[in-house]
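Architecture at a glance
For reference, the chains in residue letters:
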Amino acid sequence: MRKNVLYFVVAFFSLILLVRLFFLAATGKESSLVNGGNHIYIKTLKKQASRGRIFDRNHEILVGNAYNYALIFNPSKSTSIDTLAFCKLVGISKNDFRKKLSKRKYDKRSFVFIGNISKKKIAYIQEKIHRFKAFESKKNTIRYYFKEHAAHILGYVSEVTDYIKKKYKNYALGDMIGMTGIERYYEKVLKGKKGIHHKHVNNFGVIVDVYEKGAYDVKTENGKDLELTIDIALQEYLEKLMKNKRGSVVAIEPQTGEILSLVTSPSYEPSKMVVGKYRKKYFPKLIKDTLNKPLFNRALLSEYAPGSVFKTLQALIGLQEGVISKKTTFKCYGGYQYGRRKNNFMKCHCGIYGEKITLKSAIFKSCNSYFCNVYKNIIGKYVSEKEGLNAWSKHIKSFGFGNFLGYDLPEGRKGLVPDSNFYNKWYRNRWRWTYTISNAIGQGQLLATPMQLANLAAIIANRGYYYIPHILKKIDGEEKINPKYLIRKKTSIASEHFQHIIEAMGAVFEYGTARYSALKNIKICGKTGTVQNFSRIGRTKIQHKDHSVFIAFAPKKDPKIALAIYVENGGFGSEIAAPIASLAIEKYLTGKTNQYRENEILNKDLSNTYQELINLKINARSPKNIYP
Amino acid sequence: MRAAQKIFIHNDRILMLCYFLLLFIGCLSIYGIEKNLHPDMEFWSLSNQSFKQFFWVIFSFILILLLLYFLKNFQNYSYLFYFLGIALLLGLFLFGKNINGATSWYQLGGFSFQPSEFAKFTTSMGLAYFVSRPDNIFELFFGKFIAFCMVLFPMLLIILQNDMGSAIIFIGFIFGLYRENVHKIILIVPAAVMLLFTIYLFFGFWQSGFIAVLGASLFFIFFRRLYYKISFLLKRFLFTIFLAFCILKAIDYAYVNIFENRHRNRFEILTGKIKDTKGIGYNLNQSLIAIRSGNFLGMGFLKGGHTKGNFIPEQHTDYIFSYICEEFGFVGGGVVILIYTLLIFRIIQLSNNQKRSYNRIYGYALAGILSLHYFINIGMVCGILPTIGIPLPLISYGGSSIFSFSFFLLSFAKIIRESK
């Protein structure tokens, strides 16, 4: 017994230790980083990829990157410093300095001491910062806008918040993400790939080595540069013209479907939307402006009645359906009587009383009666009214109305093309074609976005086909357009019918509604529109000043540009929209502009009109009107 | 050449194999830790700890061989060694240097040494010499008392120098004393104290008293010797309970009044009463993480992430086992434990076969001290024993420790060889 006691004791000790060690080894986690091991000694550093730049079609830079500086404090290098000199250099008080240091007393990792320093200030600080070894400057990239235009096209970027992080994968807090416009639609291209570096850190969090010689690292890939189809000079000019007016201008190159400009007014200044101190003040201001809605992209999102510009399409449908020909005439007696009652009468302002009106003069004088007849004949061609209406709406839909066009911008609306189903719901199956007579002149239930109207102009210019409008030209200098933008889309109208319409649209500038806006050298084809608009307040229906609409393309023979202009409450189509169109075409094709006409447009300030409109609504809402 | 033959052939081979293996593992581990922390370090430089260790291993090996060669019968100088050890310990009160709260170091120029390490083998020598006296004074109670005092005196000096860890190791002598026919109470009391202390730590004073009573009654009901009278058994039972309560009260008093707060913290972290992985429990927590991340096969030589990040402070001394487990896993750690077990078993076996009581006691002292050393160190690193700052013999960094254990082992091998 006495001989063997120590054997037992040692065996007991060893057994305990082995069991304990086995238990520890068995509960140990998989140590490889690939298996999601979380190790105290691995520090993952992420290197932001610089976001791609954006150019216009002439390779003029629109958006680039700029740097924003921060002062980093590295406690592991800290030595005794001249606090007073440092505070003086950086421009903070001694108390602030102490407060900032005491925040991280025991943490030896470096942290941002002062952020958001301007380039000017950092240049001054950098000269003397070498005296304070614990401090170093670091730059962050932010968006930099070279032009204060095209805000709605370019869109803005935001810092990724918790909400966005949950919604999209592959984003971390503090990353940048495009919120609207190009920045959002081509986010994947612009974003690039973030670099991930694994470092080995010691117990103070100081980097000692590269982890596993960089076996798990990911290289940084910078975002790709985009070249847009936008012509920034035209865009700039149009934005200038549209100042103090609400509305939008869309210009398309008909042969390719490239969007030349996309103006929305009122707009905002993109440089103030850069993440930083401006954004905090500027963004709420824009959001709170519910009257002007500067963040609302009218060119893509607003749905208006197209008005008289729709008459061109109506005539095309008539020709295609064979209910009218080039020589068909109707008479106009100051309007069109579509029912027995006295108020079943649509007024007409063409000014040709009781004479035969041809198709051409109907278009350039914008005769309502003529197109009511055309509409009646189209519907009447079919056995039932429903079939007639369906055939009519089918033609319209082939022009891209009533659906998303498919352009490469993240926003959009369908618009509305009514068909028999729509009216079945609307009137609960009890309706006649006369109920829909407003459709004949582009009023009524018909809705279209300015982009769709511009597309209509492009289709007419192309004589019956279109390419889906798109805004991207090149990625990193290479033409890598989505193949769907290269497909020629045909409408249901035969191309020979377009000639008549183009002739008539040319006449609009010669002796029609827009004759005062004609240009000497360039033959423009266009069509004015004047859209009545109402707002319902309670039971009363208030009529506001008309919207001024215009579609055009030029030159007549070989169209280079097709436009749609929509100015809210601008009056007659010939009043504002047509001059803007002619100025834009002149600017785009020749580079020069008619100074007199330009000034006239620039001086037209519609803000009073809008103010009246607002007052009208406010008054209408007053308790006196609601509870009569 | 003959010297080499003596060491490797005439000496006990298992003993020597284990000894050199442990030294090799120690040097390799310290080299690994150094290389991890400073990847661009050079081995041949004095600022490098692994080189220092290597140097110390070689240096002390040669020194010991010379010493043993010139002192043909070093047993005869046992008292000289013993009093030299005591003198060194006493000298600490005058010239000692305070490192980490313990005054247990002499600082001589560039290097420092720890006499408490030497005291382990000097005390063994003195004790062995005293017990093996030809006049058999050890048979008497007085002799046993003297022997006790010979162990307790250096132990007390070390406690006074605030080096509890080294002092606890002196408990290892009880195995040798027990082997030499001291009453078994010498084993039972420390074991009972340990057991009661463990229970006390988890349950507190009254609860552990209740557990002790329960345990004692169960023992007397099931394991009583039937030939004893009931009254005798009852007396014995009552005495046991009385003793248990005395021990418990003493433990309670010591724990509350004598122990300092830092000592109490170490126990309470183990029992889970304090949960702290950043302050006082930092070392233990990091050590456990390192051992766990080694898994069964380890992360590979020079690939230990915790070692590289210097997460375990002073890893080359007391916590060196965590390094072995991180880079070589359960296999590496298990091999180290098995080598120790083999070494100690061999020492016990050899000493049991000895006819001369000096050799026997010397061997038992070595075995007892080694077993306590390795168990306490690895137990601390694995989180089953409280933090007690003692090195892992023959592996941890430190010249004094290497020298004293090498001397202990080699001198034991020598007397074994000569007694054949």
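Residues numbered from 1 in each chain as written. Chains lettered and ligands numbered in written order. Predicted model: local features only at pLDDT ≥ 70, side-chain atom pairs only at ≥ 80, totals over all residues. Heavy atoms only, no water.

**Focus: the overall build of chain A**
Looking only at helices and strands, chain A features 22 helices and 22 strands. By the burial criterion, 51% of the 628 residues in chain A qualify as buried. In chain A, 71% of the contacts between residues at least 6 apart in sequence involve partners at least 24 apart. Summing over all exposed atoms, chain A offers an accessible surface of approximately 31,600 Å²; the carbon and sulfur share of this is 51%. (Helix = DSSP H or I, 4+ residues; strand = E, 2+ residues; numbered from the N terminus. Buried < 20%, exposed > 50% of the residue type's maximum accessible area, 1.4 Å probe, protein only. Contact = heavy atoms within 4.5 Å. Areas by Shrake-Rupley, 256 points an atom, 1.4 Å probe, with all protein chains shown as cover.)

**Considerations on helix α9 (residues 185-203) of chain B**
Its 19 residues place the ends of α9 of chain B 26 Å apart at the C-alpha level, agreeing with the 27 Å of an ideal helix rising 1.5 Å per residue. Of all the residues in α9 of chain B, the buried ones are Ile186, Leu187, Leu196, Phe197, Ile199, Tyr200 and Leu201 of chain B. Considering only its buried residues, α9 of chain B is in contact with α1 (5-27) of chain A together with α6 (141-160), α8 (173-179), α10 (205-222), α11 (230-258) and α12 (261-271) of chain B. (Expected span 1.5 Å × (residues − 1).)

**So, the nonpolar core**
Grouped together as the largest cluster of nonpolar side chains are 131 residues, with contacts concentrated most on Ile182 and Tyr370 of chain A. Here this core takes nine residues from helix α17 (residues 450-462) of chain A, the largest share from any one element. Not counting residues up to four positions away in its chain, the partners in contact with isoleucine 182 of chain A are Ile54, Ile153, Leu154, Glu187, Leu190, Leu226, Leu228, Asp408, Leu409 and Ile471 of chain A. Counting residues in each nonpolar core, the second largest holds 112 residues, with Leu157, Tyr323, Tyr340 and Ile344 of chain B among its members. (Core = buried A, V, L, I, M, F, W, Y, C linked by side-chain atoms within 4.5 Å.)

**Here we look at empty space enclosed by the protein**
Residues and elements named next belong to chain A. Under the counting rule described, the total for this entry stands at one cavity of 30 Å³ or more. The computed volume of the largest cavity comes to approximately 30 Å³. Every residue along the wall of the largest cavity is listed here: Ala150, Ala151, His152, Ile153, Gln235, Glu239, Leu262, Thr264 and Ser267. Mapped by element, the contributors of at least two residues to the lining of the largest cavity are α5 (151-154), α9 (232-241) and β12 (258-265). Per-element accounting of the lining of the largest cavity gives the leading share, three residues, to α5. Within the lining of the largest cavity, the residues separate by chemical class into four nonpolar, four polar and one charged. (1 Å grid on protein atoms, 1.4 Å probe; cavity = no way out; pocket = protein on both sides within 12 Å on 5 of 7 lines; lining within 4 Å. Points joined across faces, edges and corners; volume = space filled by probe spheres on them. Nonpolar A, V, L, I, M, F, W, Y, C, P; charged D, E, K, R; others polar.)

**Some remarks on the packing of aromatic side chains**
What the rule picks out here adds up to 77 aromatic pairs over all chains. Consider the rings of phenylalanine 330 of chain A and tyrosine 370 of chain A, whose centres lie 5.0 Å apart with planes at 75 degrees: the pair is edge-to-face. Taken as a pair, phenylalanine 330 of chain A in strand β13 (residues 330-331) and tyrosine 370 of chain A in helix α14 (residues 368-381) lie far apart in primary sequence, 40 residues in all. Each member of the pair phenylalanine 330 of chain A and tyrosine 370 of chain A is classed as buried. Pairing phenylalanine 74 of chain B with tyrosine 362 of chain B gives two aromatic rings, centres 6.2 Å apart and planes at 55 degrees, and the pair type is tilted. Of this pair, phenylalanine 74 of chain B sits in the loop between α3 (49-70) and α4 (78-95) while tyrosine 362 of chain B sits in helix α16 (residues 357-381), placing them 288 residues apart in sequence. (Phe/Tyr/Trp six-rings, centres within 6.5 Å; stacked < 30°, edge-to-face > 60°.)

**Quick word on the pattern of salt bridges**
Residue and element names in this part refer to chain A. Under the counting rule described, the total for this entry stands at 24 salt bridges over all chains. Residue lysine 147 pairs with glutamate 60 through a salt bridge whose shortest N-O separation is 2.7 Å. Highlighted residues: lysine 147 in the loop between β5 (135-145) and α5 and glutamate 60 in the loop between β2 (54-55) and β3 (61-73), separated in sequence by 87 residues. Given the relative accessible area of 34%, glutamate 60 is considered partly exposed. The shortest N-O distance in the salt bridge between lysine 397 and aspartate 419 comes to 3.6 Å. Taken together, the positions of lysine 397 in helix α15 (residues 385-397) and aspartate 419 in the loop between α15 and α16 (420-426) put the pair 22 residues apart, joining distant regions of the chain. Residues participating in the shared-partner salt-bridge network are Arg51, Arg143, Glu183 and Glu187. (Salt bridge = Lys/Arg side-chain N within 4 Å of Asp/Glu carboxyl O.)

**Observations concerning the sheet that holds strand β2 (residues 102-108) of chain B**
Residues and elements named next belong to chain B. Taken together, the three strands give an open sheet; going across it, the order is β1-β2-β3, and neighbouring strands pair in antiparallel fashion. The strands lining the two open edges of the sheet, one partner per strand, are β1 (97-99) and β3 (111-113). The sheet shows a mean angle of 50 degrees between the axes of neighbouring strands, taken without regard to direction. Bridge count for β1 against β2 is two bridges, and the pairing is antiparallel. In the sheet register, isoleucine 99 faces β2, and the bridge partner there is alanine 102. (Pairing = 2+ DSSP bridges. Axes fitted to C-alpha atoms, helices over the stretch in contact; angles between N-to-C directions.)

**Points about the confidence of the model for chain B**
Close reading of the predicted structure is inappropriate where its pLDDT is low. On average, chain B scores 88 in pLDDT, and the residues at 70 or more come to 98%. The ipTM, which scores confidence in the relative placement of chains, is 0.94 for this predicted complex, and the corresponding pTM is 0.67. (pLDDT = per-residue confidence, 0-100.)

**Brief notes about the sheet that holds strand β20 (residues 525-537) of chain A**
All names here are of chain A. The strand order across the open sheet formed by five strands is β12-β11-β22-β21-β20, and the pairing between neighbours is antiparallel. Here the strands that pair on one side only, and so sit at the sheet edges, are β12 and β20. Averaged over neighbouring strand pairs, the angle between their axes works out to 10 degrees when direction is ignored. Pairing geometry for strand β21 (residues 540-554) and strand β22 (residues 561-567), over seven bridges, is antiparallel. Along β22, the bridge assignment pairs alanine 554 with isoleucine 561.

**A few points about the packing of α1 of chain A against helix α15 (residues 320-352) of chain B**
For the pair α1 of chain A and α15 of chain B, interaxial distance at closest approach is 10 Å and the crossing angle is 170 degrees. By the angle between their directions, the pair α1 of chain A and α15 of chain B is classed as roughly antiparallel. Here the contact of α1 of chain A with α15 of chain B is built from residues that sort into 17 nonpolar, six polar and no charged. (Parallel < 35°, antiparallel > 145°, perpendicular 65-115°, else oblique.)

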